[in-house]
Amino acid sequence: MLQGLKRVLACGAAGAEGRMKLLGAVLLAASLLGTAARGEQSPWPDEPSRTCFFQMLSGVDGEFCRGDLEVIYPELGDVSCTYIPKCHQYRRRISREWGSPRVRYPQAEKGADLRTGDVKGLVLTDYVRPTPPPRSGYHRYQLCLYEQPAHETIALSPEERVSLGAWAMESFVEQFRLGSPVASTQFLTKYYED
């Protein structure tokens, strides 16, 4: 059985940032030409165009993402290993409107709920929307997937339950002998008006 949790030490991965930039440039050109040709107005008054860039994480932040764990929000799709863009009010919506994302692990065993993103099981802590404070820069929101050891019951202590996630993840992983994560990902976002 696989169990999803929040944080872990750095893992490893490789990125396709160069291909994404080229694809982004092609899509930008096509979008601008299409909008200009039709003379359309943006449906978002505070946005100059429909074009929205999703920048992939790189360096140490990009290396954290491994194992193809997907974090899917409405209208955004998979935000794994990206910066959440300000366009279309995505930062505001992710922190004020949308509930818990759908989390998928396509490599899970066939028929597993985690493979489809319809995860069921014991909730250790409730979902809390990303809410970085104003003028504090980007904040990391990390998700890690661990394989739960057979016959191991995982639970939070009473202190951990009331701490709103401010407990030592490393101690938790060690206590339940979870080992290294099967997959991990993160996204970065900042206060929606910054």
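Quick note: structure is the one above.
Residues numbered from 1 in each chain as written. Predicted model: local features only at pLDDT ≥ 70, side-chain atom pairs only at ≥ 80, totals over all residues. Heavy atoms only, no water.

## Quick notes on the overall build of the protein chain
- Looking only at helices and strands, one finds 6 helices and 7 strands in the protein chain.
- Tracing the protein chain from N to C terminus, the helices and strands come up as β-α-α-β-β-β-α-β-α-β-α-α-β.
- When burial is assessed residue by residue, the protein chain has 36% of its 194 residues classed as buried.
- When contacts within the protein chain are restricted to residue pairs at least 6 apart in sequence, those whose partners lie at least 24 apart make up 78%.
- By element, 54% of the accessible surface of the protein chain is carried by carbon and sulfur atoms, the whole surface being about 11,900 Å². (Helix = DSSP H or I, 4+ residues; strand = E, 2+ residues; numbered from the N terminus. Buried < 20%, exposed > 50% of the residue type's maximum accessible area, 1.4 Å probe, protein only. Contact = heavy atoms within 4.5 Å. Areas by Shrake-Rupley, 256 points an atom, 1.4 Å probe, with all protein chains shown as cover.)

## What to know about unusual backbone geometry
- Of note in the backbone geometry, Asp 68 takes a positive phi value of approximately 60° without being a glycine.
- With respect to the element layout, Asp 68 can be found in the loop between helix 2 (59-64) and strand 2 (70-73).
- On the basis of relative accessible area, Asp 68 is assigned to the exposed category, the value being 53%.
- In this structure, Cys 81 is a non-glycine residue whose phi angle is positive, near 65°.
- Inspection of the secondary structure assignment puts Cys 81 in the loop between strand 3 (77-78) and strand 4 (82-83).
- Exposure remark for Cys 81: the relative accessible area of 9% places this residue in the buried category.

## Some details on the side chain of Arg 93
- Of note, Arg 93 is situated in helix 3 (residues 90-96).
- Among the polar contacts made by the side chain of Arg 93, one reaches the side chain of Glu 75 at a distance of 2.8 Å.
- Ignoring sequence-local partners within four residues, the contact set of Arg 93 consists of Glu 75, His 88 and Trp 98. (Polar contact = N/O pair within 3.5 Å; in protein donor to acceptor, adjacent residues only side chain to side chain.)

## Focus on the state of the cysteines
- For the coordinates displayed, the defined rule picks out 2 disulfides.
- Here Cys 52 pairs with Cys 87 through a disulfide, and the sulfurs are 1.7 Å apart. Here the residue Cys 52 occupies a position in the loop between helix 1 (17-38) and helix 2, and Cys 87 occupies one in the loop between strand 4 and helix 3, the gap between them amounting to 35 residues.
- Covalent S-S linkage joins Cys 65 and Cys 81, the inter-sulfur distance amounting to 2.5 Å. Across the disulfide from Cys 65 to Cys 81, rotation about the S-S bond amounts to roughly 100°, and the bridge is consequently right-handed. (Disulfide = S-S within 2.5 Å.)

## A word on the pattern of salt bridges
- Considering all chains together, one arrives at 7 salt bridges under this definition.
- Arg 104 is the partner of Glu 70 in a salt bridge, and the nearest nitrogen-oxygen pair spans 2.9 Å. Linking Glu 70 in strand 2 with Arg 104 in strand 5 (residues 102-104), this pair joins segments that are 34 residues apart in sequence.
- In this structure Arg 104 comes out as partly exposed when scored by relative accessible area, which is 23%.
- Between Asp 118 and Lys 120 there is a salt bridge, with the nearest N and O atoms lying 2.8 Å from each other.
- Here Asp 118 falls in the partly exposed class, since its relative accessible area comes to 42%.
- By relative accessible area, which is 53% here, Lys 120 ends up exposed.
- Ionic contacts of the salt-bridge type, sharing partners, join the residues Glu 75, Arg 92, Arg 93 and Glu 97 into one network. (Salt bridge = Lys/Arg side-chain N within 4 Å of Asp/Glu carboxyl O.)

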